[in-house]
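Read off the chains here:
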Number of protein chains: 2
Amino acid sequence: MPDGRGDWDGELVPDERGRAARPEPDCPVEIALAAVAGRWTTLVLRELMHGPHSYSDLCERLPDISAKVLAERLRVLEHRGLLTHERLRGFPVRTRYQLTPAGQALRPLLIELYRTGVAVDTALGQRTVATADAGRASR
Amino acid sequence: MPDGRGDWDGELVPDERGRAARPEPDCPVEIALAAVAGRWTTLVLRELMHGPHSYSDLCERLPDISAKVLAERLRVLEHRGLLTHERLRGFPVRTRYQLTPAGQALRPLLIELYRTGVAVDTALGQRTVATADAGRASR
DNA sequence: CCGCATCCGATTGGATACTG
DNA sequence: CAGTATCCAATCGGATGCGG
């Protein structure tokens, strides 16, 4: 075996890029994680998933995000090719943020994140009942 | 509408917990993100997905992770109920880290992260080609 | 073998104030 | 309306060294 390990799980690690021994930026898992990383990012993506929005649209729908962080998230998402922005002429000025196909490709991931969160929650609930003292190791 | 919005996407936001206007710790998406958050975390999970491992097993398979970070990841994952550890008697001492059912519930998410990373990559490749054309045509 | 303690540079995200 | 600029406290992750 090239990497000295023959016990890879083909479902979990379908090809060579998933066998990295360290976090590599070109590993698909890292690419996906980077796309949704950072506080507020998934919420911004959620809003953009149902169509283009202006900056102030996003501010309204996410009232507690600061201008700095929102601008930063949009900048990074654009830099990664996940969205584009377009300045619309007229007054007042508006900007239209819109997901690219690459950005829309994140939709199944958001759905899976939600589903997994529910599944973990459920499993923890079961565990609390099943092994009532297993989770109290930390302090 | 309770929240003044009737345009929620039922696939993306199946229930009330996904409609938060801010990152809430009890939102399923946040729960799942928290589980895989942090550098090295998905790699540690990947290793534990195919069975229990000792601390030094993990060190060997992830040679570049520092002891501090590995211990920290294991501590947090345990605190979240995603794994358990068990000290095995004998010499030398060994510790057995093992995923709980809640931890195993992360498997589909890891698979989806990989799949999404590939999809984003592919879409970006397409876009480079597509916008290269569009750019020539429109500009 | 299995970690924890400490130090430290870098990054993060929030608050506030200001501009085209 | 759509952001930028600056400051700041908190967290993160890596390195090193030590203890059970």
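Scroll up a little and you will see the structure.
The structure displayed is predicted, hence computed values, not measured ones.

Calculation criteria
Residues numbered from 1 in each chain as written. Chains lettered and ligands numbered in written order. Predicted model: local features only at pLDDT ≥ 70, side-chain atom pairs only at ≥ 80, totals over all residues. Heavy atoms only, no water. Pairing = 2+ DSSP bridges. Helix = DSSP H or I, 4+ residues; strand = E, 2+ residues; numbered from the N terminus. Contact = heavy atoms within 4.5 Å. Buried area = accessible area lost by both parts, 1.4 Å probe. Salt bridge = Lys/Arg side-chain N within 4 Å of Asp/Glu carboxyl O. Polar contact = N/O pair within 3.5 Å; in protein donor to acceptor, adjacent residues only side chain to side chain. Axes fitted to C-alpha atoms, helices over the stretch in contact; angles between N-to-C directions. Parallel < 35°, antiparallel > 145°, perpendicular 65-115°, else oblique. Nonpolar A, V, L, I, M, F, W, Y, C, P; charged D, E, K, R; others polar. Near = heavy atom within 4 Å.

### Let's talk about the pairing of strand E1 (residues 83-88) of chain A
All names here are of chain A.
1) Next: Note that E1 and strand E2 (residues 94-99) share 6 bridges and pair antiparallel. Note on E2: the bridge partner recorded for Thr84 is Gln98.
2) Next: Between the end of E1 and the start of E2, which pair antiparallel, lie 5 residues, with Gly90 showing a positive phi angle near 120 degrees.

### Comments concerning the interface of chain B and chain A
1) Next: In this complex, chain B contributes 62 residues to the contact, which on the side of chain A involves 62 residues.
2) Next: A buried area of about 5,400 Å², summed over both sides, lies between chain B and chain A, and 66% of it is on carbon and sulfur atoms.
3) Next: Contact with chain A buries surface across chain B, with Leu12, Arg46 and Tyr114 of chain B losing the most and accounting together for 15% of the total.
4) Next: Measuring nitrogen to oxygen at the nearest pair gives 2.5 Å for the salt bridge that ties Arg107 of chain A to Asp9 of chain B.
5) Next: At the boundary of chain B with chain A, the tally comes to 16 residue pairs in polar contact (both at pLDDT 80 or more).
6) Next: Put simply, the parts of the chain that give the side of chain B that touches chain A at least two residues each are helix H1 (28-36), helix H2 (41-49), helix H4 (67-79), helix H5 (101-104) and helix H6 (107-138) of chain B.

### Regarding the packing of helix H2 (residues 41-49) of chain A against helix H4 (residues 67-79) of chain A
Residues and elements named next belong to chain A.
1) Next: Across the interface, H2 lies against H4 with an axial gap of 10 Å and an inter-helix angle of 70 degrees. Viewed along their axes, H2 and H4 adopt a mutual orientation that is roughly perpendicular. The residues of H4 that touch H2, namely those facing Thr41, Val44, Leu45 and Leu48, are Leu70, Arg73, Leu74 and Leu77.
2) Next: For the contact of H2 with H4, a count of residues per class yields 6 nonpolar, 1 polar and 1 charged.

### Considering the protein's contact with DNA strand D
1) Next: Around DNA strand D, a shell composed of 19 residues is seen, among which Ser56 and Tyr97 of chain A together with Arg39, Lys68 and Arg73 of chain B lie nearest.
2) Next: Here a phosphate oxygen of DNA strand D and a side-chain polar atom of Arg39 of chain B are 2.4 Å apart.
3) Next: Between Lys68 of chain B and DNA strand D, the recorded distance is 2.3 Å, taken from a side-chain N or O atom to a base oxygen.
4) Next: Counting residues per element, the ones that place at least two in the surface near DNA strand D are helix H3 (55-61), H4 and E2 of chain A together with H4 of chain B.
5) Next: It is H4 of chain A that provides the largest number of residues to the surface near DNA strand D, a total of 4 residues.

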